[in-house]
Structure formats: structure tokens, C-alpha cells
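Read off the chains here:
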Amino acid sequence: INLDAPIWSLIIEMRVSLIFPLLVLYIKRFGWAGVAVALFASFICSKSQAALGEVTDGLVGESLAGALLLTGRYVALFLLGVVMAARLERIKAMCLRISPNLHATVLGGMVCVWMMLAYTKAIGPHRGLVDVFSGVFTMYLIALCVAFPKVSNKLSGRACLWLGDISYSLYLIHMPVLMSVFYLLSGRIPVIGIIAVALPAML
């Protein structure tokens, strides 16, 4: 993690993949009510990890209990993905019934809330609530992207599809590439030049 911070999520994804069929069955049985319960459980896991004395915005569990609670914090986010896949057509229909102006207002408000949380450093003390907000915000963004044909068509272009294909690999390697370029070029060229070199190197 010290060398490549994004890989912290791999262990979470591996653990959740082991129980993923159970998550699908859970959603088939309980639907949105099951997601609501899971979001509440995610919040409880975050608070419980803090009660153990572990850093709630840390990337790893410091004990077995902490590792399980850390994983529990993110199960609800996978359930959001499951319920969205299972009920995509209904979600799209619901989005299309709402006016674009209202969508723009809601989206702008959610962006403002996220920026406020980030810049006031409120994420740490309220990690559980931020996890829930992040999951719902992400689900809303995805719903908007797939519900409106014009947006969906633009995001289905070759460039966007290519970026989608490489997105997970890019997530995993962007940090060491960026740090390496900064290490090699810092003090030799301006920061904007370093970024200009690092971005194509990552891609």
C-alpha cells in the first residue's frame, strides 16, 4: 500500500467475490429493503471499527475484527450494483420521468455536498455516512448515464469504451507511474509539464 495505495481495495473485492452469489440471492429476496438494511449495517461497521480504536478512514483493518468490519463497510456498495443491474429498466424509467432541470439541481447539490465533506476534512469523523452517500451518488450518476439516450450514445464512442476497458488497470497503476514521473522530473520541469508527461504514461 505504501508503494501503490489503490491496491487496498483488491482484498475487499476478493472477499466480496467469495460471497457474491449470496448477495445476488439476498437482493432477489429483499430488494431495495435489503439495500437499505445493508447501508445501515455499513454505517454500523464503520462506527464499530472506530470503537475498536482503528482509524475509520484507514485502508486496511488493523486486526481480524477490524478487517471484517472494513469489508462489511463496503458490502452495501456491491449490493447497490446488484440491485441496479437487476432493476435497471425500472431505474431508467424512473429517471426519465424526472425533468432534466431537477436532475441538474440534484446532481449539483450532491457535488456541493461531496466538495464540502472533502474540503472541510469531515470525511474521517463521518466515514460511515460518507460511504453511504458515495454509494448512492455513484449509483445516481450511473443511472443518469444509462437512462438518457444522448448521454449514453456519447459515452458509447470508441474513446470512451477504450477508457472503460482500461479503467481498472489505470486505477491500479496510476499512482506508482505518477510518483515515478514526479520523482524523476521534480525540480527539472514545471509541475504542469510533469503532469503532461505522467498522463500519457499512465494511459
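The text that follows walks through the structure, step by step, so that each part is easy to find. (Residues numbered from 1 in each chain as written. Predicted model: local features only at pLDDT ≥ 70, side-chain atom pairs only at ≥ 80, totals over all residues. Heavy atoms only, no water.)

Glancing now at the packing of aromatic side chains. Taken as a whole, this structure holds 4 aromatic pairs when the rule is applied. Between phenylalanine 133 and phenylalanine 137 the ring centres are 5.8 Å apart and the planes differ by 40°, which places this aromatic pair in the tilted class. Placement of the pair is phenylalanine 133 and phenylalanine 137 together in helix 5 (residues 127–147), with a separation of 4 residues, close to one helical turn. Note on phenylalanine 137: relative accessible area 12%, which makes it buried. For the ring pair tyrosine 168 and tyrosine 171, a centre distance of 5.9 Å and an interplane angle of 40° mean the geometry is tilted. Note that tyrosine 168 and tyrosine 171 are positioned in helix 7 (residues 158–185) at a spacing of 3 residues, about one turn of the helix. By relative accessible area, tyrosine 168 is classed as partly exposed at 37%. On the basis of relative accessible area, tyrosine 171 is assigned to the partly exposed category, the value being 27%. (Phe/Tyr/Trp six-rings, centres within 6.5 Å; stacked < 30°, edge-to-face > 60°. Helix = DSSP H or I, 4+ residues; strand = E, 2+ residues; numbered from the N terminus. Buried < 20%, exposed > 50% of the residue type's maximum accessible area, 1.4 Å probe, protein only.)

This next bit is on the packing of helix 1 (residues 8–51) against helix 2 (residues 64–86). Look at helix 1 against helix 2: their axes get within 5 Å of each other, and the N-to-C directions meet at 50°. Our classification of the angle between helix 1 and helix 2 gives oblique. Here the contact of helix 1 with helix 2 is built from residues that sort into 24 nonpolar, 7 polar and 3 charged. (Axes fitted to C-alpha atoms, helices over the stretch in contact; angles between N-to-C directions. Parallel < 35°, antiparallel > 145°, perpendicular 65-115°, else oblique. Nonpolar A, V, L, I, M, F, W, Y, C, P; charged D, E, K, R; others polar.)

Residues Ile12, Ile27, Val35, Leu39, Leu79, Ile91 and Met139 are the most contacted members of the largest nonpolar core, which totals 23 residues. Residue assignment for this core shows that the elements contributing at least two residues are helix 1, helix 2, helix 3 (88–96) and helix 5. Looking at this core, the element that brings in the most residues is helix 2, giving 9 residues. Once you skip the residues sitting within four places of it in the chain, methionine 139 turns out to touch Trp32, Leu80, Val83, Met84 and Ile91. One finds Met110, Leu117, Val130 and Tyr140 within the second-largest nonpolar core, a separate group that totals 7 residues. (Core = buried A, V, L, I, M, F, W, Y, C linked by side-chain atoms within 4.5 Å. Contact = heavy atoms within 4.5 Å.)

What follows deals with the state of the cysteines. This structure, assessed with the given rule, holds 0 disulfides. Cysteine 145 carries a free sulfur, and the closest cysteine sulfur to it, the one in cysteine 160, is 9.6 Å from it. On the basis of relative accessibility, which here comes to 31%, the residue cysteine 145 falls in the partly exposed class. (Disulfide = S-S within 2.5 Å.)

Turning next to the pattern of salt bridges. Across all of its chains, the model carries 1 salt bridge by this definition. Across the salt bridge formed by lysine 92 and glutamate 89, the nearest N and O atoms sit 3.7 Å from each other. Of the two residues, lysine 92 and glutamate 89 are both situated in helix 3; the distance of 3 residues between them amounts to about one turn of the helix. (Salt bridge = Lys/Arg side-chain N within 4 Å of Asp/Glu carboxyl O.)

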